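Chain residues, written in single-letter form:
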Amino acid sequence: LVVLAGGVGAARFLEGLAGVVPAAQITVVGNTADDAEIHGLHISPDLDTVTYTLAGRANPETGWGLNNDTFHCLEALSLYDQDWFRLGDHDLATHIYRSALLRGGVPLTEITARIARAHGVEAAILPMSDDRVRTFVDTPAGELDFQTYFARRKAQDPVRGVRFEGAATARPGPSVVHAISCADAVLLAPSNPIISIGPILAVPAIHEALHETPATVLAVSPIVAGRALKGPTVRMMEGLGHQPTCVGVARIYESFCDLFVIDEQDWATTSDIEALGLEAMVTNTVMNDLASKQALARFCLEGLLR
Ligand code: FO1
């Protein structure tokens, strides 16, 4: 099973999936366009969120960062007014390790595998690309790098455009295309279609592999009853001229997606989704505990087996 994943929403979905199939059968293709260089360190928030969650170590309140982390270094950085990106002390160790290896020429794919192994994660976690891809968000305040828009300015600026710098020439990570082409199924996690899944689709060879794979492609809508499970998805879709509903998400995925999972609250949109040529599957997609995460994963697998 190959899962295209952003951060917190995807990690919750993966936690459910890893509870119903052996984790070793899961390959995650993770977004790296949210990556940032902060304090001279290379941060890969989405890869880390997936890794920490599958390791059972994510902070349950934020979804990102490590559970029970301390913030002594951050407190010290506040003296220099450098504490807007909340890096915990133990989380910092991951960034120090990653940054040192990157500087030594080790590819991000290899480093990500080492970090996952160290945390006891059995799923394969593949960065979408080892090449540098970065999201920039166009706002009335100017073009902002992603973490300035998201973490520093708390995703408050209206979004006029989004650009994935480097994506057009980025090569996919070494086993990404093979994984998609040989998968039994490809799943798009309930992540923001614009800024989490969007950069993955913007890597041309990944886009092509999704169109060509014989595997069934299933996507889970991150929008329920016009609201996003997490983050600025709805306002961002509105700002970019997409219908901010599950139907709007289905339109973004329509050219390569076969099955589209929507929430019970959106059952009335089934015919709109089927009019796009996707098969709609209706269930509870709101994941508030482990049981609901696993139930959603089981529902997706049953749909794929039909
Ligand atoms: N998100 C925030 O909104 N504020 C933060 O201070 C912050 C710190 C942070 C540290 C490590 C990490 O792995 C993620 C962190 N995130 C933070 C989350 C991150 O910015 C977003 O979740 C993703 O980039 C969007 O998927």
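1. Description of the overall build of the chain
Here is step 1 of the chain: On a plain count of helices and strands, the chain comes out with 13 helices and 14 strands.
Here is step 2 of the chain: By the compact-globule yardstick of 19 Å for 306 residues, the chain fits well, its C-alpha radius of gyration being 18 Å.
Here is step 3 of the chain: Taken along the three principal axes of its C-alpha coordinates, the chain extends 55 × 45 × 40 Å.
Here is step 4 of the chain: The buried share of the chain, taken over its 306 residues, is 55%.
Here is step 5 of the chain: A separation of at least 24 residues holds for 66% of the contacts in the chain among residues at least 6 apart in sequence.
Here is step 6 of the chain: Of the roughly 13,000 Å² that the chain leaves accessible, carbon and sulfur atoms contribute 51%.
Here is step 7 of the chain: Each charge sign in the chain was given a centre, from 22 positive and 36 negative side chains, and these centres are 5 Å apart.

2. Points about the site of the ligand
Here is step 1 of the chain: Around the ligand sit 13 residues, and of these Asp34, Asp46, Phe85, Arg86 and Gln147 come closest.
Here is step 2 of the chain: Residue aspartate 34 places a side-chain N or O atom 2.8 Å away from an oxygen atom belonging to the ligand.
Here is step 3 of the chain: The side chain of aspartate 46 places a nitrogen or oxygen atom 2.8 Å from an oxygen atom of the ligand.
Here is step 4 of the chain: Against a free-state accessible area of 530 Å², the protein chains account for coverage of 91% of the ligand.
Here is step 5 of the chain: Within the residue set of the shell around the ligand, elements represented by two or more residues are α2 (45-54) and α6 (146-152).
Here is step 6 of the chain: Ranked by the residues each element gives to the shell around the ligand, the list is headed by α6, at 4 residues.
Here is step 7 of the chain: Here the residues of the shell around the ligand sort into 8 nonpolar, 1 polar and 4 charged.

3. A word on the environment of proline 45
Here is step 1 of the chain: Along the chain, proline 45 turns up in helix α2.
Here is step 2 of the chain: By relative accessible area, proline 45 is classed as buried at 18%.
Here is step 3 of the chain: Not counting residues within four places of it along the chain, the set of residues in contact with proline 45 comprises Asp34, Asp35 and Gln147.

4. A short note on the sheet that holds strand β2 (residues 27-30)
Sheet strands line up and pair through hydrogen bonds in the backbone, either parallel or antiparallel.
Here is step 1 of the chain: If you walk across this open sheet you meet the 7 strands as β5-β2-β1-β9-β10-β13-β14, and the pairing is parallel. Two strands close off the open sheet at either side, each with one partner strand: β5 (124-127) and β14 (279-283). When the angles between neighbouring strand axes are averaged without regard to direction, this sheet yields 25°.
Here is step 2 of the chain: The pairing of strand β13 (residues 259-263) with β14 spans 5 bridges and is classified as parallel. Across the sheet, the residue bridging to phenylalanine 260 is alanine 280, located in β14.
Here is step 3 of the chain: Relative to β14, helix α13 (residues 290-305) is tilted by about 150°, and along the sheet it contacts β9 (185-188), β10 (216-220), β13 and β14.

5. Describing the nonpolar core
Note on soluble globular proteins: their nonpolar side chains tend to be buried together.
Here is step 1 of the chain: Formed by 50 residues in total, the largest nonpolar core has its most connected members in Leu4, Val186, Leu188, Tyr253, Phe260 and Ile273.
Here is step 2 of the chain: A total of 5 residues in this core trace back to one element, the largest contributor, which is helix α11 (residues 246-253).
Here is step 3 of the chain: Residues contacting valine 186, with those up to four places away along its chain left out, are Val2, Leu4, Ile180, Leu210, Ala215, Thr216, Val217 and Leu218.

6. Side note on the sheet that holds strand β8 (residues 161-165)
Here is step 1 of the chain: Taken in spatial order, the 3 strands make up an open sheet running β7-β6-β8, and their pairing is antiparallel. Where the open sheet ends on each side, the last strands, each with one partner, are β7 (142-145) and β8. Averaged over all adjacent pairs, the angle separating strand axes in this sheet is 25°, with direction ignored.
Here is step 2 of the chain: Relative to β7, strand β6 (residues 134-139) runs antiparallel, the two sharing 4 bridges. Bridge pairing in β7 places phenylalanine 136 opposite aspartate 145.

7. Thoughts on α13
Here is step 1 of the chain: Look at α13: 23 Å from first C-alpha to last across 16 residues, which is about the 22 Å you get at 1.5 Å a residue.
Here is step 2 of the chain: Where α13 is concerned, the buried positions are Ser292, Lys293, Gln294, Leu296, Ala297, Cys300, Leu301, Gly303 and Leu304.

8. Here's the deal with the packing of aromatic side chains
Here is step 1 of the chain: Scanning the model with the defined rule gives 4 aromatic pairs in all.
Here is step 2 of the chain: Note on tyrosine 253 and phenylalanine 256: the rings are 6.0 Å apart at their centroids and 50° apart in plane angle, and the pair reads as tilted.
Here is step 3 of the chain: An aromatic cluster of at least three residues, connected via ring pairs, comprises Phe146, Tyr149 and Phe150.
Here is step 4 of the chain: Seen from the ring of phenylalanine 71, arginine 86 lies directly overhead, with NZ or CZ sitting 4.6 Å from the centre.

Reading the values: rules and limits
- Residues numbered from 1 in each chain as written.
- Predicted model: local features only at pLDDT ≥ 70, side-chain atom pairs only at ≥ 80, totals over all residues.
- Heavy atoms only, no water.
- Helix = DSSP H or I, 4+ residues; strand = E, 2+ residues; numbered from the N terminus.
- Rg over C-alpha atoms; globule rule 2.2 N^0.38 Å.
- Buried < 20%, exposed > 50% of the residue type's maximum accessible area, 1.4 Å probe, protein only.
- Contact = heavy atoms within 4.5 Å.
- Areas by Shrake-Rupley, 256 points an atom, 1.4 Å probe, with all protein chains shown as cover.
- Lys, Arg positive; Asp, Glu negative; His and termini not counted.
- Charge placed at Lys NZ, Arg CZ, Asp CG, Glu CD.
- Near = heavy atom within 4 Å.
- Polar contact = N/O pair within 3.5 Å; in protein donor to acceptor, adjacent residues only side chain to side chain.
- Nonpolar A, V, L, I, M, F, W, Y, C, P; charged D, E, K, R; others polar.
- Pairing = 2+ DSSP bridges.
- Axes fitted to C-alpha atoms, helices over the stretch in contact; angles between N-to-C directions.
- Core = buried A, V, L, I, M, F, W, Y, C linked by side-chain atoms within 4.5 Å.
- Expected span 1.5 Å × (residues − 1).
- Phe/Tyr/Trp six-rings, centres within 6.5 Å; stacked < 30°, edge-to-face > 60°.
- Lys NZ or Arg CZ within 6 Å of the ring centre and 35° of its normal.

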